[in-house]
Amino acid sequence: MRSSRRAWLVRWAAFLAIVAAPSVAERALAADAIDDAIARMQSHASGRVSVTRSPVTGLASFVSAEPARVIRDSGAAASSASERALAFVEAYGAAFGLAGRGAVAVSAVSAPDELGLEHVRLRQLVSGVPVTGGELTLHLDRDGVRAVLARTAVVPRALATTPRVAASAALA
């Protein structure tokens with residue numbers, strides 16, 4: 001029983017690795033998009049930008065502007081914090097493995113803190129379906145983004161999100 005269960009788990013893991021693994025070409029394109037988004041962030045910043053990347057995925061996991069500086073987004077300074085956060089993701093989302101504002105949903109927005117920073121939490125989506133653990137927290141002021149903490153998942157382009165089983169059958 002134990003060996004058959006282990007064999008089943010090995011087959012299942014191999015299947016997932018083959019189906020979900022991006023091709024070499026896709027990984028190269030993704031790496032180029034990540035590098036390009038980081039370069040654009042650095043060129044649009046009012047100072048030096050520090051970027052920490054995941055050693056596993058290569059995605060940006062922490063981004064910060066030097067103290068009292070910002071990474072400018074394309075959102076108008078007069079717009080809401082959530083709109084400015086979404087504009088940031090539209091402009092630089094590739095650094096985090098996101099294909100623009102449609103790849104996230106606003107899950108929380110805080111009022112300005114004692115430093116004048118607003119905090120916007122975004123949840124990662126794939127075709128409108130939330131990704132468990134996929135989240136970004138942006139710290140921003142009226143001029144732009146000061147820092148981003150990101151925990152996003154690499155999602156295969158061919159991931160199907162359309163249910164194959166009716167809700168009533170799934171509940172049965």
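Located above this text is the structure these notes cover.
Here goes a summary of the coordinates provided.

Conventions used here
- Residues numbered from 1 in each chain as written.
- Predicted model: local features only at pLDDT ≥ 70, side-chain atom pairs only at ≥ 80, totals over all residues.
- Heavy atoms only, no water.
- Helix = DSSP H or I, 4+ residues; strand = E, 2+ residues; numbered from the N terminus.
- Buried < 20%, exposed > 50% of the residue type's maximum accessible area, 1.4 Å probe, protein only.
- Contact = heavy atoms within 4.5 Å.
- Pairing = 2+ DSSP bridges.
- Axes fitted to C-alpha atoms, helices over the stretch in contact; angles between N-to-C directions.
- Phe/Tyr/Trp six-rings, centres within 6.5 Å; stacked < 30°, edge-to-face > 60°.

## Some thoughts on the overall build of the chain
Phase 1: From N to C terminus, the chain includes four helices and six strands.
Phase 2: Its helices and strands taken in sequence order, the chain reads α-α-β-β-α-β-β-β-β-α from the N to the C terminus.
Phase 3: In the chain, which comprises 172 residues, the proportion classed as buried is 30%.
Phase 4: Contacts in the chain between residues at least 24 apart in sequence constitute 43% of all its contacts with a sequence separation of at least 6.

## Concerning the sheet that holds strand 3 (residues 104–109)
Strands in a sheet are paired, the pairing made by backbone hydrogen bonds, and the direction either parallel or antiparallel.
Phase 1: Judged by pairing direction, the sheet is antiparallel, and its six strands sit side by side in the order 1-2-6-5-4-3 without closing on themselves. A strand with exactly one partner marks an edge of an open sheet, and here the two such strands are strand 1 (49–53) and strand 3. Pairs of neighbouring strands in the sheet enclose a mean axial angle of 20°, with direction left out of account.
Phase 2: Lying on the sheet, helix 3 (residues 81–92) is in contact with strand 3, strand 4 (118–126), strand 5 (129–141) and strand 6 (144–151); it crosses strand 4 at an angle near 50°.

## Some thoughts on the pairing of strand 1
Phase 1: The sheet contact formed by strand 1 and strand 2 (residues 60–65) spans five bridges and is antiparallel. Residue pairing across strands places V51 opposite V63, the latter belonging to strand 2.
Phase 2: Counted along the chain from strand 1 to the antiparallel partner strand 2, the turn is six residues long, and its residue G58 has a positive phi close to 85°.

## A closer look at the packing of aromatic side chains
Phase 1: As enumerated under the stated definition, the model contains two aromatic pairs in all.
Phase 2: Considering the side-chain rings of F88 and F96, the 6.4 Å spacing of their centres and the 45° angle between planes classify their relative orientation as tilted.
Phase 3: Given a relative accessible area of 0%, F88 falls into the buried group.
Phase 4: An aromatic cluster is built from F88, Y92 and F96, whose rings are joined through pairwise contacts.

## Quick notes on unusual backbone geometry
Phase 1: One non-glycine residue with positive phi stands out, namely A68, at about 65°.
Phase 2: By the secondary structure assignment, A68 is in the loop between strand 2 and helix 3.
Phase 3: Given a relative accessible area of 65%, A68 falls into the exposed group.
Phase 4: We note that S127 has phi near 50°; this positive angle belongs to a residue other than glycine.
Phase 5: Looking at the secondary structure, you find S127 in the loop between strand 4 and strand 5.

So far we have only geometry, and geometry alone does not tell us how the molecule works.
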